[in-house]
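Read off the chains here:
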Amino acid sequence: MTTRIAIISTFIIFWSFSIFANSTGGLVVTPTRIVFEDRDRIKEVYLINQDTQTMRYRINFINLSMQEDGSYQKVSKDGVEEQGIYPVGPHIRYSPRQVTLGPGEQQIVRLMARRYGMKTGEYRSHLFVTPIPNTNNNHI
């Protein structure tokens, strides 16, 4: 049996509307699903700032499970493994982990699979892109 690594689902983009209430654009993340097949080692994700302001973002992995109503709930590492799905985080190196994008700018985030020490099975996580509030008081 082969091992597949999937960085799934629609990359989750967390927006704090109280901080970015004047924002008219947003962040585009493409592609929305990455699958590392047996021989794949490197994949790329593009972040594109369609906002009118310079924005900073932090990037990391989280484990989510879909509920019956279609919503997502955060799951611990042990909770994911109980479902027969392993977290991707320990097996993916990625860079950069934080980006600053001006209006219309884009950034490539490179993901590299590290396959050693992996059990046979499905590996799945969500890439979590979080806006970092600007500490400049003139921003809001």
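Notes on the pattern of salt bridges
Taken as a whole and assessed by the stated rule, the structure comprises two salt bridges. One salt bridge connects K43 with D40, and the closest N-O pair in it is separated by 3.4 Å. R110 serves as the salt-bridge partner of E44, at 3.2 Å between the closest nitrogen and oxygen. In this pair, E44 sits in strand β5 (residues 42-49) while R110 sits in strand β12 (residues 106-113), placing the two residues 66 residues apart along the sequence. Since its relative accessible area comes to 29%, E44 is described here as partly exposed. R110 gets classed as partly exposed once you look at its relative accessible area, which sits at 45%.

Focus: the sheet that holds strand β3 (residues 27-30)
Strands in a sheet are paired, the pairing made by backbone hydrogen bonds, and the direction either parallel or antiparallel. One open sheet holds the four strands; their spatial order is β3-β5-β12-β10, and the pairing between them is antiparallel. Each edge of the open sheet carries a strand with a single partner, namely β3 and β10 (92-95). Here the strands of the sheet are splayed against their neighbours by 20 degrees on average, with no regard to which way each runs. The pairing of β10 with β12 spans four bridges and is classified as antiparallel. Looking across to β12, one finds that R93 is bridged to M112.

As for unusual backbone geometry
A cis amide bond links T30 with the next residue in sequence, P31, at an omega value of -5 degrees. Within the secondary structure, P31 is located in the loop between β3 and β4 (34-36). Here S95 and P96 are connected by a cis peptide whose omega angle stands at -5 degrees. By the secondary structure assignment, P96 is in the loop between β10 and β11 (98-101).

As for the packing of aromatic side chains
Across all of its chains, the model carries two aromatic pairs by this definition. Ring geometry for F61 and Y94: centres 5.2 Å apart, planes at 90 degrees, overall edge-to-face. One end of the pair, F61, is in strand β6 (residues 55-62); the other, Y94, is in strand β10, and 33 residues separate them in sequence. Y94 shares its class with F61; the two are buried. Summarising the aromatic geometry, the rings of Y86 and Y123 are spaced 5.1 Å apart at their centres and angled 35 degrees between planes, so their arrangement reads as tilted. Taken together, the positions of Y86 in strand β9 (residues 85-86) and Y123 in strand β13 (residues 122-132) put the pair 37 residues apart, joining distant regions of the chain. Looking at Y86, the relative accessible area reads 17%, which means it is buried. The aromatic ring of Y94 is capped on one face by R97, whose charged end is 4.1 Å from the ring centroid.

Rules and cut-offs
- Residues numbered from 1 in each chain as written.
- Predicted model: local features only at pLDDT ≥ 70, side-chain atom pairs only at ≥ 80, totals over all residues.
- Heavy atoms only, no water.
- Salt bridge = Lys/Arg side-chain N within 4 Å of Asp/Glu carboxyl O.
- Helix = DSSP H or I, 4+ residues; strand = E, 2+ residues; numbered from the N terminus.
- Buried < 20%, exposed > 50% of the residue type's maximum accessible area, 1.4 Å probe, protein only.
- Pairing = 2+ DSSP bridges.
- Axes fitted to C-alpha atoms, helices over the stretch in contact; angles between N-to-C directions.
- Phe/Tyr/Trp six-rings, centres within 6.5 Å; stacked < 30°, edge-to-face > 60°.
- Lys NZ or Arg CZ within 6 Å of the ring centre and 35° of its normal.

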